Amino acid sequence: MAAQQNGCVHANGVSNSPVSPNPSGPEREQFSFSAEPSLEHIRRLQAEFTDERNWSQFHQPRNLLLALVGEVGELAELFQWRGEVAEGLPDWSDADREKVSQELSDVCIYLVELAEKCRIDLPTAVLQKMELNRRKYPASKVHGSAKKYTEYTD
């Protein structure tokens, strides 16, 4: 019997991999993140990691931003020269999908730590930004279009 863990279905119910099995066909399940850890838990874990190594002196906003950009570059490199990539990365090897998982994790860790150092409550900021985007891009006006909000007329 399959068990749900970290948003992934595992045949034996045991896995510590955050990489979901490759989706197949139209019957694939809707993806969702695991409920834990929260961004706050990730922030606390990273703060402990940094404090244990006395790295706070290096983890200032500018340095964290540059590290974040570097990690985004490493993630982009994995997609470079592949052409269009299907949702779920079905044509990718497990090793390549694991590399994506690692780089996305690095991006998330640096983003959360940068938000902490800037004193930005990231979950609240995301919700506020999503509401702003709803107003800028009303579904009734933009449905099926990729235009920027400044290109729409009332």
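Q: Looking at this model, I keep getting lost on the overall build of the protein chain. Mind explaining?
A: Check the secondary structure of the protein chain and you find five helices and two strands. Along the protein chain, helices (α) and strands (β) appear in the sequence β-β-α-α-α-α-α when read from the amino end. A sequence separation of at least 24 residues applies to 53% of the contacts in the protein chain between residues at least 6 apart.

Q: Would you mind showing me how to read unusual backbone geometry here?
A: Excluding glycine, residues mostly have negative phi values, and the peptide bonds linking residues are mostly trans. That bond from Glu36 to Pro37 is cis: its omega, 5 degrees, falls within 30 degrees of zero. Mapped onto the elements, Pro37 comes out in the loop between strand S2 (8-10) and helix H1 (39-52). For Trp81, which is not glycine, the phi dihedral falls at a positive 70 degrees. For Arg119, which is not glycine, the phi dihedral falls at a positive 60 degrees. Relative to the helices and strands, Arg119 resides in the loop between helix H3 (94-117) and helix H4 (122-136). In this structure Arg119 comes out as exposed when scored by relative accessible area, which is 68%.

Q: I would appreciate a short explanation of the packing of H1 against H3 in the present structure.
A: Each pair of packed helices can be summarised by the angle the axes make with each other and by the distance between the axes. Between H1 and H3, whose axes approach to 9 Å, the crossing angle comes to 85 degrees. Relative to H3, H1 is oriented roughly perpendicular. Across from Leu39, Ile42, Arg43, Gln46, Ala47 and Thr50 in H1, the residues of H3 making contact are Cys108, Ile109, Val112, Glu113 and Glu116. The class makeup of the residues in the contact of H1 with H3 is six nonpolar, two polar and three charged.

Q: Looking at this structure, how should I read the pattern of salt bridges?
A: Opposite charge on two side chains permits pairing when their charged atoms draw close. Applying the stated rule across the entire model yields seven salt bridges. Note that Arg43 is salt-bridged to Glu40, the shortest N-O span being 2.7 Å. Note that Arg43 and Glu40 are positioned in helix H1 at a spacing of three residues, about one turn of the helix. With a relative accessible area of 36%, Glu40 lands in the partly exposed category.

Q: Help me understand the environment of Gly70, please; the structure alone is not making it clear to me.
A: With respect to the helices and strands, Gly70 occurs in helix H2 (residues 61-79). Gly70 gets classed as partly exposed once you look at its relative accessible area, which sits at 35%. Here the alpha-carbon distance between Gly70 and Asp106, two residues 36 residues apart in the chain, equals 9.7 Å.

Q: Would you mind showing me how to read the packing of aromatic side chains here?
A: Here the distance between the centres and the angle between the planes together describe a pair of aromatic rings. For the structure shown, the criterion picks out four aromatic pairs. Measuring from ring centre to ring centre gives 5.8 Å for Tyr137 and Tyr149, while their planes differ by 85 degrees; the resulting arrangement is edge-to-face. Taken together, the residues Tyr137 in the loop between H4 and helix H5 (139-142) and Tyr149 in the segment after H5 connect sequence positions twelve residues apart. Look at Tyr137 and you get partly exposed, because its relative accessible area is 30%. By relative accessible area, which is 36% here, Tyr149 ends up partly exposed. The ring of Trp92 carries Arg82 above its face, with NZ or CZ at 3.7 Å from the centroid.

Calculation notes
Residues numbered from 1 in each chain as written. Predicted model: local features only at pLDDT ≥ 70, side-chain atom pairs only at ≥ 80, totals over all residues. Heavy atoms only, no water. Helix = DSSP H or I, 4+ residues; strand = E, 2+ residues; numbered from the N terminus. Contact = heavy atoms within 4.5 Å. Buried < 20%, exposed > 50% of the residue type's maximum accessible area, 1.4 Å probe, protein only. Axes fitted to C-alpha atoms, helices over the stretch in contact; angles between N-to-C directions. Parallel < 35°, antiparallel > 145°, perpendicular 65-115°, else oblique. Nonpolar A, V, L, I, M, F, W, Y, C, P; charged D, E, K, R; others polar. Salt bridge = Lys/Arg side-chain N within 4 Å of Asp/Glu carboxyl O. Phe/Tyr/Trp six-rings, centres within 6.5 Å; stacked < 30°, edge-to-face > 60°. Lys NZ or Arg CZ within 6 Å of the ring centre and 35° of its normal.

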